[in-house]
Amino acid sequence: MKHIYKGLVVCATLAFGSMSAYAQDELTSEELLADNGDKVHVAFRSTDQKDLLGGVSVIDVEELSKQAYTTYSLDFVENVVGGVNGNIWGNNGYLVVVDGMVRDANNVLPTEIDQITILKGAQAVVLYGPRAAKGVIQITTKRGQEGDLRINLHINSGFHFAKSLPKYMGSAEYMTYYNQARQNDGLAPLYSEEDIYNHGSGINPYRYPNLDMYSSDYIKKAYNRTEAIAEVTGGNQRVKYYTTFGYYKEGNLVKVGKNEDNYISRFFVRGNMDLKLNDILTAQADANVTFYDSYTAKGNWWSNAASLRPNRVAPLIPLEYIEEADKATWATINASNHLIGGKYFLGGTQLDPTNPIADAYAAGDSKFVSRQFQFNTLFNVDLKGLTKGLMFRARYGIDYSTTYNQGYDNTYASFAPVWTSYNGKEMIGEVTQYGEDSKSGSENVSNTTYRYTYNISAQFDYGRTFGEGHNVFAM
């Protein structure tokens, strides 16, 4: 099913949206209204930190990133700002604003961020309207600095280890405790002592399974995440620019079937430019492109690991247990589309015709795809020709986002062996098939979403210093 969302956000702050008065050293109107690294970015403007209203917290992400490595844009917020624990005012319904535009926090990386401002007080969020009723997190990305061309290269690579994994109960223990539970309920035991011994002894793990989905047969010791990001900045009094681009890829712990190929990847390019066209007109132009992909095999490994009983099914059974002369069994097995490595067939039972290990090989895969493009402009017009301290600002932004899932959905057959003894050796005498192999070869595309968001705002700012220390600002 296709879903199309179109949103229009218009924030008009053309008259008395905010007014404040405070005393400080005399500043020019340009200094009062300038967007630079010495300012704190609040609703629709920047101001000195000492002149902030209550309910505003500021994080210097660029500086913190030199001391600690993180991969999510808001990771520093809970560590630095008191009272924030996944939410600002009682839930996670806060508004996220990136470079003055309403956007998603997960589409900007910490290395791209200059500053995060958390607006908690009513006076701080009023200009953003009812959507900001639960607070605002305002993200400001880095901008160019005057000077020669500078290039920074960041490369981070690391391995993720499981600190610990659950201890999977063995078949013998499970069957013993299950019998005990039935006895407590006044019921007869389900498993015989011989069955419990055979499952626990490991005499034939394919006939008497003892499955452990957390074992090293299925789980890697570690997986890798590697990230490479370049930053280019420079400029002069007329033009300043900041460009960053990068790529990261992350694996996963499961190494069974297509799960071994599971990954998350992200490629992005961001460019921010500041222009001084003349003494009264300045402008900014920003653009960002992001390509995000997440590939997974069908099935939920960790959910199944928490519920699949260890004695119920042997997921992969060697073909060598089938007697060469057993043409009927070979005909059934060879009709399967899924002989793993030419050595195993997929095991199953009437109660468990499918299982997560067989899913990993035969059920198909899914890839989540996200493509985002963002563009915004800002114009500042100094109206000092009309009256000193008056400035007009106008912003326009457009975001385009498309997401969808693509992949293959397959059904597969599994086989329950009937065991027999031949010349003192356990062999498979016949198999019972559950399910059918079905592979259309057609790729499925689902959950398609297109989203367009337009951000428009316009405002007059007035900033003057009267006397020797009475500064007035109105928006």
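Summarised in this report is the structure supplied together with it.

Reading guide: rules and limits
- Residues numbered from 1 in each chain as written.
- Predicted model: local features only at pLDDT ≥ 70, side-chain atom pairs only at ≥ 80, totals over all residues.
- Heavy atoms only, no water.
- Helix = DSSP H or I, 4+ residues; strand = E, 2+ residues; numbered from the N terminus.
- Rg over C-alpha atoms; globule rule 2.2 N^0.38 Å.
- Buried < 20%, exposed > 50% of the residue type's maximum accessible area, 1.4 Å probe, protein only.
- Contact = heavy atoms within 4.5 Å.
- Areas by Shrake-Rupley, 256 points an atom, 1.4 Å probe, with all protein chains shown as cover.
- Lys, Arg positive; Asp, Glu negative; His and termini not counted.
- Charge placed at Lys NZ, Arg CZ, Asp CG, Glu CD.
- Pairing = 2+ DSSP bridges.
- Arc of directions from axis to C-beta.
- 1 Å grid on protein atoms, 1.4 Å probe; cavity = no way out; pocket = protein on both sides within 12 Å on 5 of 7 lines; lining within 4 Å.
- Points joined across faces, edges and corners; volume = space filled by probe spheres on them.
- Nonpolar A, V, L, I, M, F, W, Y, C, P; charged D, E, K, R; others polar.
- Core = buried A, V, L, I, M, F, W, Y, C linked by side-chain atoms within 4.5 Å.
- Salt bridge = Lys/Arg side-chain N within 4 Å of Asp/Glu carboxyl O.

**Looking at the overall build of the chain**
Regarding its fold elements, the chain presents nine helices and 23 strands. At 31 Å, the chain has a C-alpha radius of gyration far larger than the 23 Å of a compact globule built from 475 residues. Each principal axis of the C-alpha distribution contributes one length, and for the chain these read about 110 × 50 × 40 Å. Classification of the 475 residues of the chain by burial places 45% in the buried group. If you take every contact in the chain between residues at least 6 apart in sequence, the share linking residues at least 24 apart comes to 75%. Accessible surface computed for the chain: about 24,600 Å², of which carbon and sulfur atoms make up 52%. Once the 43 positive and 52 negative side-chain charges of the chain are each reduced to a mean point, those two points are 4 Å apart.

**Topic: the sheet that holds strand S15 (residues 316-318)**
Taken in spatial order, the three strands line up as S15-S17-S16 in an open sheet, and their pairing is antiparallel. The sheet terminates laterally at S15 and strand S16 (339-340), the two strands that pair on one side only.

**A few points about helix H6 (residues 193-201)**
Residues separated by three or four positions in an α-helix point in the same direction, a consequence of the helix having 3.6 residues per turn. Turning to H6, its buried residues number three or more, namely Ile196, Asn198 and His199. For H6, the buried positions fall inside an angular range of 165 degrees around the axis, keeping them on one side. The exposed residues of H6 that point more than 90 degrees off its buried face are Glu193, Glu194 and Tyr197. Of the surrounding elements, those touching the buried residues of H6 are helix H5 (171-184). Looking one or two residues beyond H6, the residue adopting positive phi is Gly202, at roughly 75 degrees.

**Quick look at empty space enclosed by the protein**
Under the criterion given, the structure shown has two cavities of 30 Å³ or more. When its volume is computed, the second largest cavity comes out at roughly 40 Å³. What lines the second largest cavity is simply Asn259, Lys298, Gly299, Asn300, Trp301, Asn304, Pro356, Asp359 and Ala360. Secondary-structure elements contributing two or more residues to the lining of the second largest cavity are helix H7 (301-305) and helix H9 (356-362). Here the element with the most residues in the lining of the second largest cavity is H9; it accounts for three residues. Here the residues of the lining of the second largest cavity sort into three nonpolar, four polar and two charged.

**Here's the deal with unusual backbone geometry**
A positive phi angle, near 65 degrees, is found at Phe44, a position not held by glycine. Assignment of secondary structure puts Phe44 in the loop between strand S3 (40-42) and strand S4 (45-47). Residue classification places Phe44 among the buried residues on the basis of a relative accessible area of 6%. Positive phi, normally seen in glycine, also occurs at Asp99, with a value near 50 degrees. Looking at the element boundaries, Asp99 is found in the loop between strand S6 (95-98) and strand S7 (101-102). Exposure remark for Asp99: the relative accessible area of 9% places this residue in the buried category.

**Considerations on the sheet that holds S6**
What the five strands build is an open sheet, ordered S5-S8-S9-S6-S7; its pairing is mixed. With partners counted over all chains shown, the strands left at the sheet margins are strand S5 (56-59) and S7, one partner each. With two bridges joining them, S6 and S7 adopt antiparallel strand pairing. Paired with Val98 across the strands is Met101, a residue of S7.

**Quick notes on the nonpolar core**
By size, the foremost hydrophobic cluster in this structure holds 23 residues, and its most contacted members are Met213, Tyr218, Val256, Trp301, Leu346 and Ile357. Sorting the residues of this core by element identifies H7 and H9 as the ones contributing at least two each. At four residues, the largest contribution of residues to this core is made by H9. In this structure Leu346 touches Pro315, Leu316, His338, Ile340, Ala358, Ala362, Tyr412, Ala413, Ser414 and Phe415, once residues within four positions along its chain are discounted.

**Here's the deal with helix H8 (residues 327-334)**
All buried positions along H8 are accounted for by Thr329, Trp330 and Ile333. On an axial view of H8, the arc spanned by its buried residues comes to 100 degrees, and they lie on one face. Facing away from the buried side of H8, by more than 90 degrees, are the exposed residues Lys327 and Ala328. Buried-residue contacts for H8 involve S16, strand S17 (344-346), strand S20 (414-422) and strand S21 (425-434).

**So, the pairing of strand S23 (residues 470-474)**
Sheet analysis places strand S22 (residues 444-466) next to S23, joined by five bridges and oriented antiparallel. If you follow Arg464 over to S23, its bridge partner there is Val472. Counted between consecutive antiparallel strands, the loop separating S22 from S23 contains three residues, among which Gly467 sits at a positive phi close to 65 degrees.

**Looking at the pattern of salt bridges**
Taken as a whole and judged by the stated rule, the model has 15 salt bridges. Here Lys142 ties to Glu231 by a salt bridge, and the two come within 2.9 Å at their closest N and O atoms. Residue Lys142 is located in the loop between strand S9 (136-141) and strand S10 (147-161), and its partner Glu231 is located in strand S11 (residues 222-235); the two are separated by 89 residues in the primary sequence. The exposure class of Lys142 is buried, given its relative accessible area of 11%. Classification of Glu231 by relative accessible area gives buried; the value is 5%. Taking the shortest distance from any N to any O, the salt bridge between Arg207 and Glu426 comes out at 2.8 Å. Here the residue Arg207 occupies a position in the loop between H6 and S11, and Glu426 occupies one in strand S21, the gap between them amounting to 219 residues. Connected through salt bridges with shared partners, the residues Arg143, Asp274 and Asp286 form a single ionic network.

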